[in-house]
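Letter by letter, the chains look like this.
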Amino acid sequence: MRLRDIPITAWIGIIGIIAAFICAFFAPWIAPFGETDVLGDVWAPADAQHVFGLDNLGRDILSRLIYGARTTLFVALGATVISFSLGIILSFTAAVSRGAIDLVLSRFNDLMMSIPTLIFALVVLAVLPQNLIVLILVMAILDSTRVYRLGRAVALDVAVMEFVEAAKLRGEGKLWIIFREILPNTLSPLLAEFGLRFAFAILFLSTLSFLGLGIQPPAADWGGMVKDNKDGIIFGISAALVPGAAIAALAVCVNLVVDWLLKRTSSLKGGRGDA
Amino acid sequence: MPELLSVRDLKIEATSYPPGEPPRRVTIVDGVSFDLQKGKVLGLIGESGAGKSTIGLSALAYGRGGAEITGGEVLLDGQNLLALGKGGIRKVRGARVCYVAQSAAAAFNPAHRLGEQVIEASVKHSLMPKEEARKRALYLFRVLGLPNPETFGERYPHQVSGGQLQRAMTAMALCSNPELIVFDEPTTALDVTTQIDVLAAIKHAIEETHTAALYITHDLAVVAQISDDIMVLRHGKKVEYGTARQIIEAPNEAYTRALVNVRQDKREEAADQTGALLRVENVTAGYSSFKVLSDVSLHVPKGQTLAIVGESGSGKSTLARVITGLLPAQQGTVTFDGKPLPRALKGRSNEELRRIQLIYQMADTAMNPRQTVRDIIGRPLTFYYGLRGAAKTARITELLEQIEMGKGFIDRYPAELSGGQKQRVAIARALAADPELILCDEPTSALDPLVAEGILKLLTRLQQEKQLSYIFITHDIAIVRAIADSVAVMHRGRLVRFGPKSRVLSPPFDDYTDLLLKSVPEMEIGWLERVLATRKMESAGN
Amino acid sequence: MSNPADAGQPGLRLRERFPLVALIAERLALSIVLLFAVSILIFGGLEALPGDFATTYLGQSATPQAVANIRAELGLDRPVTTRYAEWLGNALHGDFGTSWASKNSVSEQIANRLGNSLFLAGFAAIIAVPLAVGLGMLSVHFRNRLPDKVINVLSLAAISLPEFFIGYLLIYFFAVRYGIATFPATVYAEMSFLERLQAIALPTATLVLVVLAHMMRMTRAAILSVMSSAYMETAELKGLGAFRAIVKHAAPNALAPIINVVALNLAYLVVGVVVVEVVFVYPGMGQYMVDAVTVRDMPVVQACGLIFAAVYIFLNMVADILAIVANPRLRHPR
């Protein structure tokens with residue numbers, strides 16, 4: 001796998017993702033102003049000092065955007081890592097054990113998947129207290145169902161191959177079979193799925209924040225920024241479009257990289273169903 | 001006699017994409033020429049990769065996958081098919097030249113009835129009105145021996161058996177009265193007893209209709225029954241070309257001779273077959289809804305080979321699963337070295353597992369593609385004996401030598417090995433455990449005849465050196481003659497015959513064994529006619 | 001196995017006589033069971049979640065006395081099974097109780113709003129589905145050439161854009177700058193059909209854009225897989241024209257996978273409706289639910305959740321049944 005083999009679209013994606021992470025890590029040093037500093041008039045237009053202008057409370061949009069990268073990425077990445085781990089562990093166990101364990105886990109997963117993610121999230125968030133941990137866990141658990149479905153399909157594909165049976169005949173234990181026989185053969189589709197889940201998490205978090213149920217003010221996350229500034233649209237103020245574009249740009253970058261990974265995979269089960 | 005088909009200096013190339021390297025141009029067919037007269041059959045024979053299918057498809061000016069015809073001419077009645085444009089070649093395909101695929105099951109559209117698909121080309125090429133096409137299809141169904149020919153056309157592909165589909169595909173090719181049919185390994189995927197019926201049906205049909213044919217196969221015995229001439233191919237080049245009789249009875253080239261003589265040797269069976277390393281007694285096994293094995297009893301003495309013969313559905317592979325513990329027996333016992341084995345895999349100790357090893361039919365899927373030869377052969381060494389580091393590497397090298405492969409292979413991945421090499425590595429993996437009994441589940445069925453020969457010789461040699469016992473599962477009687485001491489014949493889950501080879505393979509026979517033995521093509525001209533005269537066609541079932 | 005002569009015998013199980021009907025009946029039963037399970041999840045799951053709901057509901061003003069009061073007022077002190085039975089029983093009669101926030105009948109609100117949401121979603125579906133299938137086929141026809149690459153890039157961009165961003169983008173350009181469309185998208189009972197269409201033009205466009213991209217990519221994959229089947233090669237080797245091969249041989253086999261794709265994406269529609277209604281201030285179920293969640297108005301949240309889930313389950317069931325019917329192996333068993 002040489003660097004030359006990566007197509008230009010994937011490079012664009014990789015660079016975009018790296019840029020977002022740099023903003024997230026080095027926000028206090030990169031951002032020209034503070035996250036909550038009020039610097040001027042409400043919705044002041046863009047000028048030399050404020051590249052994107054000021055928001056609905058007079059704060060610098062660019063700075064809030066940079067700090068927002070931190071929250072968005074941290075929550076989205078955290079939720080994705082948890083959902084992925086949970087989904088893979090459960091689905092691989094089901095695929096290797098078959099029988100009752102597989103039946104129970106899969107039926108339960110089907111049940112959880114029969115409610116669209118957003119609706120389920122709304123219902124659950126109506127009950128739970130509003131804080132970051134709850135948000136991450138809710139996103140993670142709901143999304144793990146999609147990971148479960150893909151993981152099980154991919155693991156089963158490999159589990160029925162004869163070399164897995166050969167390992168069983170040797171007397172190998174379940175852990176060996178999962179980690180040394182099945183997992184290495186499923187890396188490509190799993191990596192692509194991780195990317196897809198990450199893109200979905202970014203969009204989902206932004207949507208929740210936009211609806212007022214995600215990150216609470218005054219912390220800045222991109223979805224929340226759209227919500228704060230949306231009333232200006234009717235007056236021709238484009239402030240809300242800036243964070244929206246940022247969300248879109250990041251999601252595009254992740255999807256470009258995922259597309260490239262998918263092309264390298266021979267088969268991907270489960271399609272790209274994201275509801 | 002004027003030539004119907006004249007192929008001159010045919011050259012076919014493709015682009016291959018080896019992993020980790022830039023794409024390469026490879027030559028699949030390199031300057032092949034031959035002629036075919038009206039009403040004659042030319043057999044194209046060769047091992048896999050010889051280019052025979054590719055040549056067959058070139059008669060329709062078609063390249064499958066990335067294959068491109070880059071040079072030469074394909075003249076049908078004097079007209080170069082390769083020079084025709086899209087519209088021109090479309091008129092030829094399905095009307096003057098037709099194709100019968102290897103897997104009829106995949107080649108038919110599952111959404112339409114068979115009859116419709118059989119007459120489609122004839123009607124669409126305006127060769128005959130629909131009613132006439134239907135009548136012709138009915139006639140062909142009869143000639144090909146299909147059951148209930150009047151209603152056969154109303155069925156869907158998934159409702160009929162593999163042998164019937166293959167015949168339906170032949171009917172589809174014959175329906176438009178073509179001048180030439182290309183048969184691409186039409187009986188390879190079928191059972192032996194079905195194969196002979198389909199073969200006879202095809203031969204009868206093309207004789208009746210005076211159609212010329214290209215018959216592609218890797219089985220020399222089959223092609224000897226049906227062709228007038230034979231062309232032997234290897235690596236895209238012509239090796240030898242002559243009449244069927246000349247090729248079979250007096251081959252010129254060394255390669256051809258090797259193909260003709262494959263598995264001529266027969267083994268002397270062991271005299272004393274009373275002892276038993278493994279004993280199977282009254283085993284019945286199956287799944288909750290149906291039984292696969294009923295009351296099977298047999299045994300294997302130490303250092304000898306038991307061949308289990310049967311067709312698909314006979315239960316032979318299931319027996320292997322019962323012996324290894326993957327499928328617990330419902331009744332009966334399996335005794336190894338005097339002690340009964342726990343029925344399920346879970347209950348067996350590592351020692352019990354170590355002493356019985358299994359070799360699979362498809363070496364591709366039997367080894368983890370992400371592991372090197374070192375990992376594959378080394379794991380049993382570590383798992384059973386705790387070997388590591390230098391000691392392990394030394395033992396792996398020893399094993400590689402025993403399977404006649406050098407230590408340079410130790411860090412290769414399975415994808416970098418040929419079919420025969422992969423199977424050898426699988427054998428080394430089995431040997432690494434130092435077993436006493438090896439179950440071989442059709443280990444050579446997926447290999448070319450010459451490569452298979454090599455594997456069988458290797459297994460025989462290893463048996464002599466290490467006093468191994470083998471249970472060899474196969475559907476190929478020739479292999480049985482070559483390597484077995486005792487033979488068990490299975491049919492639909494029951495043991496039909498069991499005993500020393502000489503006794504089982506000599507008359508008097510029961511009906512099934514009789515049928516089985518008579519169905520195996522011999523490498524003799526005229527064998528098919530002789531057998532058909534003494535054997536009734538079982539067209540209804542197959 | 002299915003012999004017409006057996007159809008008359010009463011001894012044989014239904015499954016063997018009419019396998020197709022049996023399969024459909026199974027799916028129906030499964031969906032009903034699923035719906036019940038979902039209702040338990042929505043109602044009972046709330047009980048299982050950690051933390052005390054009454055305290056969360058009151059937030060800042062959660063003094064012990066206030067908590068006890070609100071519990072009695074909302075009826076939270078009764079056992080959960082009683083409350084569930086009562087809730088479910090009423091729901092089956094169409095009565096979803098009263099909203100905690102506005103004290104109005106929930107069922108009344110839903111009756112109005114459900115129609116609006118279905119209208120919006122249905123209209124978007126009617127536009128999006130044929131467009132997606134058409135673009136998918138176009139993509140396959142020009143496989144790996146420029147039109148395909150362009151469609152691929154555009155659809156990739158479209159699935160990466162959040163619905164609210166597309167919505168505000170459309171509003172900004174079409175409503176505010178150029179004044180072509182109306183915003184907000186208010187509809188009321190007395191409107192004519194044409195006026196309605198005009199009002200929902202922008203929200204429909206937003207929904208269509210989101211769903212179209214996903215659906216088109218999946219349709220392309222489904223069609224591509226069918227096109228590379230062995231029977232398509234047979235069609236070519238029989239000298240059949242490209243058009244006939246596609247219509248007669250590819251299309252019947254692509255039906256089932258495409259139906260599946262459409263069903264999968266109808267889920268996007270259900271979710272997209274929620275966000276789009278909030279963006280365009282459209283009086284539908286989505287906006288109702290979001291407002292209720294913000295103030296923790298549980299009867300409304302539970303009722304809306306149940307209805308959304310029911311619609312989703314129903315759509316998936318229809319898709320499954322259609323896929324069963326489209327499969328020749330199941331229509332004509334051995």
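Residues numbered from 1 in each chain as written. Chains lettered and ligands numbered in written order. Predicted model: local features only at pLDDT ≥ 70, side-chain atom pairs only at ≥ 80, totals over all residues.

(A) Representation of the overall build of chain C in the model. Per the secondary structure count, chain C includes 15 helices and 0 strands. Across the 334 residues that make up chain C, the buried fraction comes to 39%. Of all intrachain contacts in chain C linking residues separated by at least 6 positions in sequence, the fraction that spans at least 24 positions is 69%. (Helix = DSSP H or I, 4+ residues; strand = E, 2+ residues; numbered from the N terminus. Buried ≥ 20, exposed ≤ 12 C-beta atoms within 10 Å, placed from the backbone. Contact = placed C-beta atoms within 7 Å.)

(B) Summary view of the interface of chain A and chain B. Every contact between the two is made by 11 residues of chain A and, on the other side, 15 residues of chain B. In terms of residue count, the dominant contributor to the side of chain A that touches chain B is helix H7 (residues 162-170) of chain A (6 residues). Grouping the constituent residues of the side of chain A that touches chain B by class yields 5 nonpolar, 2 polar and 4 charged. (Nonpolar A, V, L, I, M, F, W, Y, C, P; charged D, E, K, R; others polar.)

(C) Summary view of the interface of chain A and chain C. Across the boundary between the two partners, chain A contributes 41 residues, which contact 45 residues of chain C. Where the side of chain A that touches chain C is concerned, the elements lending two or more residues are helix H5 (117-127), helix H9 (187-210) and helix H11 (241-264) of chain A. When residues of the side of chain A that touches chain C are assigned to their parent elements, the largest contribution, 9 residues, is made by H11(A). The residue inventory of the side of chain A that touches chain C, partitioned by class, reads 28 nonpolar, 10 polar and 3 charged.

(D) Layout of the packing of helix H7 (residues 162-175) of chain B against helix H8 (residues 192-209) of chain B. Residues and elements named next belong to chain B. Relative to each other, H7 and H8 sit at 15°, their axes nearing to 10 Å. Here H8 runs roughly parallel to H7, going by the angle between their axes. Read as a crossing pair, H7 and H8 show a hand that is right-handed. Packed against H7, whose contacting residues are Gly163, Gln166, Arg167, Thr170 and Leu174, the element H8 presents Thr194, Asp197, Val198, Ala201, Ile202, Ala205 and Thr209 at the interface. The residue makeup of the contact of H7 with H8, split by class, is 5 nonpolar, 5 polar and 2 charged. (Axes fitted to C-alpha atoms, helices over the stretch in contact; angles between N-to-C directions. Parallel < 35°, antiparallel > 145°, perpendicular 65-115°, else oblique. Left-handed = near helix turned anticlockwise from the far one by under 90°.)

(E) The arrangement of the environment of Leu213(A) in detail. Tracing the backbone shows Leu213(A) in the loop between H9 and helix H10 (222-229). Given 21 C-beta atoms within 10 Å, Leu213(A) falls into the buried group. Leu213(A) sits 21 residues away from Ala192(A) along the chain, and the two C-alpha atoms are 29 Å apart. Once you skip the residues sitting within four places of it in the chain, Leu213(A) turns out to touch Leu125(A), Leu208(A) and Val293(C).

(F) Up close: the sheet that holds strand S9 (residues 229-234) of chain B. Residue and element names in this part refer to chain B. The sheet built from 6 strands is open, its strands ordered S6-S7-S8-S3-S9-S10 with mixed pairing. If you trace the sheet from one side to the other, it starts and ends with strand S6 (97-100) and strand S10 (237-243), each paired once. The mean angle between the axes of side-by-side strands here comes to 15°, regardless of whether they run parallel or antiparallel. Sheet analysis places strand S7 (residues 180-184) next to strand S8 (residues 212-217), joined by 5 bridges and oriented parallel. Its bridge partner being in S8, Leu180 is matched across the sheet by Ala212. Seen against the sheet, H7 touches S6 and S7 and runs at an angle of roughly 175° to S6. (Pairing = 2+ DSSP bridges.)

(G) Examining the confidence of the model for chain A more closely. All names here are of chain A. When the pLDDT values of chain A are averaged, the result is 85; 94% of them are 70 or greater. No element of chain A has a lower mean pLDDT than helix H2 (residues 27-30), at 86, and none a higher one than H7, at 92. Here residues 266-275 is a poorly scored stretch, pLDDT under 50, and it has 21 contacts once near neighbours within four places are set aside; other chains count. (pLDDT = per-residue confidence, 0-100.)

(H) Here's a closer look at the sheet that holds strand S1 (residues 3-16) of chain B. Residue and element names in this part refer to chain B. With respect to topology, 4 strands assemble into an open sheet ordered S2-S1-S4-S5, the strand pairing being antiparallel. Here the strands that pair on one side only, and so sit at the sheet edges, are strand S2 (24-37) and strand S5 (79-80). Pairing geometry for S1 and S2, over 11 bridges, is antiparallel. Counterpart to Leu5 in the pairing with S2 is Leu36.

(I) Region of the structure containing helix H1 (residues 8-25) of chain A. All names here are of chain A. The end-to-end C-alpha distance of H1 is 26 Å, a good match for the 26 Å that 18 residues give at a rise of 1.5 Å each. Within H1 the residues assigned to the buried category are Gly13, Ala20 and Cys23. Along H1, the residues classed as buried sweep out an arc of 90° about the axis, all on the same side. Among the exposed residues of H1, those pointing more than 90 degrees away from its buried face are Ile8, Ile15 and Ile18. Against H2, helix H3 (61-97) and H11 lie the buried residues of H1. (Expected span 1.5 Å × (residues − 1). Arc of directions from axis to C-beta.)

(J) Geometry of the packing of helix H10 (residues 201-227) of chain C against helix H12 (residues 242-280) of chain C. All names here are of chain C. Closest axis-to-axis distance for the H10/H12 pair is 8 Å, and the angle between their directions is 160°. Considered as vectors, H10 and H12 are oriented roughly antiparallel to each other. Of the two elements, H10 crosses H12, and the hand of that crossing is right-handed. Grouping the constituent residues of the contact of H10 with H12 by class yields 23 nonpolar, 6 polar and no charged.

(K) View of unusual backbone geometry. Residue and element names in this part refer to chain B. The step from Pro507 to Pro508 runs through a cis peptide bond, and the omega angle for that step is 5°. For His210, which is not glycine, the phi torsion reads 55° and is therefore positive. Position of His210 relative to the elements: it lies in the loop between H8 and S8. Looking at His210, the number of C-beta atoms within 10 Å reads 11, which means it is exposed.

(L) Just the pairing of S1(B), in detail. Strand direction decides the pairing type here: S1(B) and strand S4 (residues 68-76) of chain B, joined by 7 bridges, are antiparallel. Its bridge partner lying in S4(B), Leu5(B) is registered against Leu76(B).

(M) Geometry of the environment of Gly97(C). All names here are of chain C. Relative to the helices and strands, Gly97 is located in the loop between helix H5 (80-92) and helix H6 (106-141). A count of 18 C-beta atoms within 10 Å places Gly97 in the partly exposed class. Excluding residues that lie within four positions of it along the chain, Gly97 makes contacts with Asn90, Val106 and Pro299.

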